[in-house]
Each structure stands twice: as structure tokens, then as C-alpha cells.
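# Residue-level structure breakdown
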Amino acid sequence: MRYALRMTVEKRCMIQPEDLIAIEVQCQHCKARVGYSIESKRPSPEVCPSCKGPLFEIAAGHWDALKNLHDAIAGLQARK
């Protein structure tokens, strides 16, 4: 009996901080996607513009983590 060999394919993509232009998040409730520019000084909204539900679990620190990511990327881009 012959068995087909299966291989896992892994794809890697190397990017530079200046290649990042936006961060996109998806509402857990209505599945709408919200994107905001890295160049924007304002953080991502805390509520979904579509269903007005919370985009993040504030107590879990998700919004703070996203803001920290945004600030880190903006800081790396400013170094150039």
C-alpha cells in the first residue's frame, strides 16, 4: 500500500517597519473591519463604528497592547 507524503509549506515574508502603513482590527461581534494609519496620531477607536460594540476587551489590556504596537511601529519608522 502506498501512502502519499504530505509536507507542510511555510512561507516567510520579511518586511521593514516603513513598509507597514496601517493596522486593521476586526469586530468580534459584527465582523466589520476597522483600519487606521500608522501615520495617524489618534489611536484606534475603542468601539466598532458599525455595531457600536466594544472592539477590544479593555480589562484584558487589548486596546493598550494595540496602542503600544502602533507607537512602536511609528517609533521605528521615525528612526529612518
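Predicted model only: the values in this text are computed from it and were never measured.

## Digging into the overall build of the protein
Scanning the protein from N- to C-terminus turns up one helix and two strands. Radius of gyration (C-alpha) of the protein: 18 Å, far over the 12 Å computed for a compact globule of 80 residues. Dimensions of the protein, computed from the C-alpha atoms along their principal axes, are close to 60 × 40 × 20 Å. Among the 80 residues that make up the protein, the fraction classed as buried is 21%.

## A few points about the pairing of strand S1 (residues 22-26)
Covered by surrounding structure in S1 are Ile23 and Val25 only, the residues Ala22, Glu24 and Gln26 on the alternate face being uncovered. Direction of pairing for S1 relative to strand S2 (residues 33-37): antiparallel, over a ladder of five bridges. Bridge pairing links Glu24 to Gly35 in S2. The hairpin turn running from S1 into S2, its antiparallel successor, is six residues long, and Lys31 in that turn takes a positive phi close to 70°.

Definitions and limits used
- Residues numbered from 1 in each chain as written.
- Predicted model: local features only at pLDDT ≥ 70, side-chain atom pairs only at ≥ 80, totals over all residues.
- Heavy atoms only, no water.
- Helix = DSSP H or I, 4+ residues; strand = E, 2+ residues; numbered from the N terminus.
- Rg over C-alpha atoms; globule rule 2.2 N^0.38 Å.
- Buried < 20%, exposed > 50% of the residue type's maximum accessible area, 1.4 Å probe, protein only.
- Pairing = 2+ DSSP bridges.

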